[in-house]
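Close look at the chain arrangement
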Amino acid sequence: MDDILLISEVATQEAVFWFIPIIAWAALAGLGSAILIGTITSIWGSGDHLGMAVLGMPESGKTTWYDYLLKTNRSGMHTVDSVEIDEFKISFSDGKSVIVKKGKDIGGNEENIRIYYSKMIEDNDIVLFFFDIEKYLGSMAYERDANSRLDFIYFSWKEKKEDKDPSKAVYLIMTHADKVSNSKEAIEKVLNRMRGRSFSAITTQYTAINMVNNEQLEELKKIIFRDGK
Ligand SMILES: Nc1nc2c(ncn2[C@@H]2O[C@H](COP(=O)(O)OP(=O)(O)OP(=O)(O)O)[C@@H](O)[C@H]2O)c(=O)[nH]1
Ligand SMILES: [Mg+2]
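Reading guide: rules and limits
- Residues numbered from 1 in each chain as written.
- Chains lettered and ligands numbered in written order.
- Predicted model: local features only at pLDDT ≥ 70, side-chain atom pairs only at ≥ 80, totals over all residues.
- Heavy atoms only, no water.
- Salt bridge = Lys/Arg side-chain N within 4 Å of Asp/Glu carboxyl O.
- Helix = DSSP H or I, 4+ residues; strand = E, 2+ residues; numbered from the N terminus.
- Buried < 20%, exposed > 50% of the residue type's maximum accessible area, 1.4 Å probe, protein only.
- Near = heavy atom within 4 Å.
- Polar contact = N/O pair within 3.5 Å; in protein donor to acceptor, adjacent residues only side chain to side chain.
- Nonpolar A, V, L, I, M, F, W, Y, C, P; charged D, E, K, R; others polar.
- Pairing = 2+ DSSP bridges.
- Contact = heavy atoms within 4.5 Å.
- Axes fitted to C-alpha atoms, helices over the stretch in contact; angles between N-to-C directions.

1. Describing the pattern of salt bridges
Across all of its chains, the model carries eleven salt bridges by this definition. A salt bridge links Glu143 to Arg193; the shortest N-O distance between them is 2.8 Å. You can see Glu143 sitting in helix α5 (residues 140-160) and its partner Arg193 sitting in helix α6 (residues 183-194), a full 50 residues away along the chain. A relative accessible area of 12% means that Glu143 is categorised as buried. Residue Arg193 is classed as partly exposed on the basis of its relative accessible area of 31%. Linked by salt bridges that have partners in common, Glu84, Lys102 and Lys104 make up one network.

2. Some words on the site of ligand 1
Close to ligand 1 lie 22 residues, the nearest being Lys62, Thr64, Gly76, Gly108 and His176. One of the side-chain nitrogen or oxygen atoms of Thr79 is found 2.8 Å away from an oxygen atom of ligand 1. In this structure, Met211 approaches ligand 1 through a main-chain N or O atom, which is 2.7 Å from an oxygen atom. For the shell around ligand 1, the residue count by class is five nonpolar, 13 polar and four charged.

3. Remarks on the sheet that holds strand β2 (residues 49-50)
Read across the open sheet, the three strands follow the order β2-β6-β5; overall the sheet is mixed. Each edge of the sheet is formed by a strand with only one pairing partner; in this case those strands are β2 and β5 (88-91). Note that β5 and strand β6 (residues 97-100) share four bridges and pair antiparallel. Across the sheet, the residue bridging to Ile90 is Val98, located in β6. Relative to the sheet, helix α7 (residues 214-225) contacts β2, β5 and β6, its axis offset from that of β5 by approximately 105°.

This is the structure in structure tokens:
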């Protein structure tokens, strides 16, 4: 995998500054496997309560993400319907913390779109949309399915949260980055395919990640939950 961090051209000045420490950290750590990052910026201050909607495709790493945050071990077992997740606290070594509100780990099956998406979007502050980058690039049916879910997310957000900018709240988590030979190219291909779509406004915050690599998970955790200022 590449050892570069990809910063989107649309990054704001502030976001670029925020990424400098991450790049330096990755360089220092000599990570040959640093995750690729778009303009993901954390907007959370210490002690904030955050509502996180974890949505996405089947077998895309949603439960793996919760497993990492909660130190549980449920991934790989197809989440049936949904599992309630109690409020939990994420603490960092410098004493800062974020409280993640009570939520749900839902299965990626299609029926769950109708059952849960709308309400979860309404109830939460951020949406993490998980999909397998290798499958997105390799299967038209998968690409179409992921796109229609993103379309649904974008329009639900606009409808329920008119005043809040979805481009700052939705994160594309492109998993299985270890399955593609060149993550940077793969991410560009995905973004190119998404450009011009109705939901393109929610494609500015993205990352490609190998979800079975704890260093990368830790990096993503910091990016999403840490106050970047
Ligand atoms: N190699 C690799 N495996 C991954 C990655 N992300 C998830 N997996 C594996 O993919 C399988 C499915 O992961 P889950 O976290 O259970 O997926 P999910 O999105 O919760 O799936 P459903 O609950 O069925 O919708 C597990 O065996 C994970 O270890 C990744 O980035 N790379
Ligand atoms: Mg699951």
